[in-house]
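One letter stands for each residue in the lines below.
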Amino acid sequence: METTEVTGWEIAVLDGGPADGLRMKVSDRPRVIQVTYPCQAEAEYPDGMRAEAVYLYRRDYTVTDGPVRYGFDIASP
């Protein structure tokens, strides 16, 4: 497998959903960002298992200036 150096880091902002306003650094402007949030269980998970809620944010191609923006995808799994 060949890897390359990432040089294009930039700020991205998430809009809406549970991570509204979160700012992060992204490289190469990914189309989708996945955010996970741990779920609490009523009892211990067996064998280290865990449950997490998954939220998707899709890149907003209409934003042309300022930080890259990602909007919450309400239809995400």
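The rules behind each value
- Residues numbered from 1 in each chain as written.
- Predicted model: local features only at pLDDT ≥ 70, side-chain atom pairs only at ≥ 80, totals over all residues.
- Heavy atoms only, no water.
- Helix = DSSP H or I, 4+ residues; strand = E, 2+ residues; numbered from the N terminus.
- Buried < 20%, exposed > 50% of the residue type's maximum accessible area, 1.4 Å probe, protein only.
- Contact = heavy atoms within 4.5 Å.
- Areas by Shrake-Rupley, 256 points an atom, 1.4 Å probe, with all protein chains shown as cover.
- Salt bridge = Lys/Arg side-chain N within 4 Å of Asp/Glu carboxyl O.

> How would you sum up the overall build of the protein chain? Please name residues and give values.
Tallying secondary structure elements over the protein chain gives 0 helices and 5 strands in all. Tracing the protein chain from N to C terminus, the helices and strands come up as β-β-β-β-β. The 77 residues of the protein chain split such that 19% are buried. Long-range contacts, defined here as pairs at least 24 residues apart, represent 36% of the contacts in the protein chain between residues at least 6 apart. Counting only carbon and sulfur atoms, one obtains 50% of the accessible surface of the protein chain, whose full area is about 6200 Å².

> Summarise the pattern of salt bridges; cite the residues concerned and give the values.
Inspection of every chain in the model, using the stated rule, returns 4 salt bridges. We note a salt bridge from Arg-29 to Glu-10, for which the minimum N-O separation is 2.8 Å. Taken together, the residues Arg-29 in the loop between strand E2 (23-27) and strand E3 (32-38) and Glu-10 in strand E1 (residues 9-15) connect sequence positions 19 residues apart. Looking at Glu-10, the relative accessible area reads 25%, which means it is partly exposed.

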